[in-house]
Amino acid sequence: MIFASNEAERNKALEKILPYQRQDFIEIFLVIYDLPVTIRLLDPPLHEFLPRHDDEMVQLAKDLGVAANWVKQRVEFLKESNPMLGHRGCRLAITYPEIYNMQARAIFEAVCELRSGTKPEIMIPLVLDVKELQLIKESIGKVAKHVSEEFKYKFHYSIGTMIELPRAALMAGE
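Predicted model only: the values in this text are computed from it and were never measured.

Q: When you look at the packing of aromatic side chains in this model, what are you seeing that I'm missing?
A: In this description, an aromatic ring pair is defined by two values, namely the gap between the centres and the angle between the planes. One pass over the full model with this rule turns up 4 aromatic pairs. By way of ring pairs, the aromatic residues F108, F155 and Y157 are connected into one cluster.

Encoded structure:
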């Protein structure tokens, strides 16, 4: 998905993942039933999934049907100088909101399917400041409203973060 050249391709890839995510959440909620459950959204360390060697990049290019040079440029673009604080967690979701929107949709659809009273607590990873949290919270709120209307079922959820970065600890009062 990180090699998708446009939003339509990313959405197509996410549509394939959605049923698996929904089923995962259904299975979790069946065990939890009506208790709250905290779900940490995706926080992929992209640098770990990038091809490192030329032969891997050539193979990926072949699999994707694109030029090897394009893959090489994309790998260079996605490299991180500090992968623990780089383009991951909520910052990846700000760049590609469709990722967390798909996960939120899977969570909310699972709740609606089961109608068990499960109260998901959605954790946004690696938040540095309140602006990041607000932006993602607003986006997920729109997904929740849409799914609730689509399924004609009102559910409850919460959104928060874990203070896991020094800057977040310093800014927590906000």
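Still to come is the rest of the account.
Q: Is there a simple way to think about the sheet that holds strand β3 (residues 158-161) in this case?
A: What holds strands together in a sheet is hydrogen bonding between their backbones, with the strands either parallel or antiparallel. One open sheet holds the 3 strands; their spatial order is β1-β2-β3, and the pairing between them is parallel. Unpaired on one side and paired on the other, β1 (36-40) and β3 mark the two borders of the sheet. Averaged over all pairs of adjacent strands, the angle between their axes in this sheet comes to 30°, without regard to strand direction. For β1 and strand β2 (residues 119-124), the ladder comprises 5 bridges, and the chain directions are parallel. By the bridge assignment for β2, V37 is matched with P120.

Q: Just to check I follow, could you spell out the side chain of E109 for this structure?
A: Within the element layout of this structure, E109 appears in helix α5 (residues 97-114). Its relative accessible area of 5% is what places E109 among the buried residues.

Q: Looking at this structure, how should I read the pattern of salt bridges?
A: Opposite charge on two side chains allows them to pair when their charged atoms are near. Per the counting criterion, the structure on display carries 11 salt bridges. R91 serves as the salt-bridge partner of E132, at 3.4 Å between the closest nitrogen and oxygen. Taken together, the residues E132 in helix α6 (residues 130-151) and R91 in helix α4 (residues 90-95) connect sequence positions 41 residues apart. Accessibility assignment for this pair places E132 and R91 in one class, buried. A salt bridge links R105 to E109; the nearest nitrogen and oxygen atoms lie 2.9 Å apart. Of this pair, R105 and E109 are both found in helix α5, 4 residues apart, which corresponds to roughly one turn of the helix. When its relative accessible area of 28% is taken as the criterion, R105 is described as partly exposed.

What counts and how
Residues numbered from 1 in each chain as written. Predicted model: local features only at pLDDT ≥ 70, side-chain atom pairs only at ≥ 80, totals over all residues. Heavy atoms only, no water. Phe/Tyr/Trp six-rings, centres within 6.5 Å; stacked < 30°, edge-to-face > 60°. Pairing = 2+ DSSP bridges. Helix = DSSP H or I, 4+ residues; strand = E, 2+ residues; numbered from the N terminus. Axes fitted to C-alpha atoms, helices over the stretch in contact; angles between N-to-C directions. Buried < 20%, exposed > 50% of the residue type's maximum accessible area, 1.4 Å probe, protein only. Salt bridge = Lys/Arg side-chain N within 4 Å of Asp/Glu carboxyl O.

Bear in mind that shape data such as this cannot, by itself, settle questions of function.
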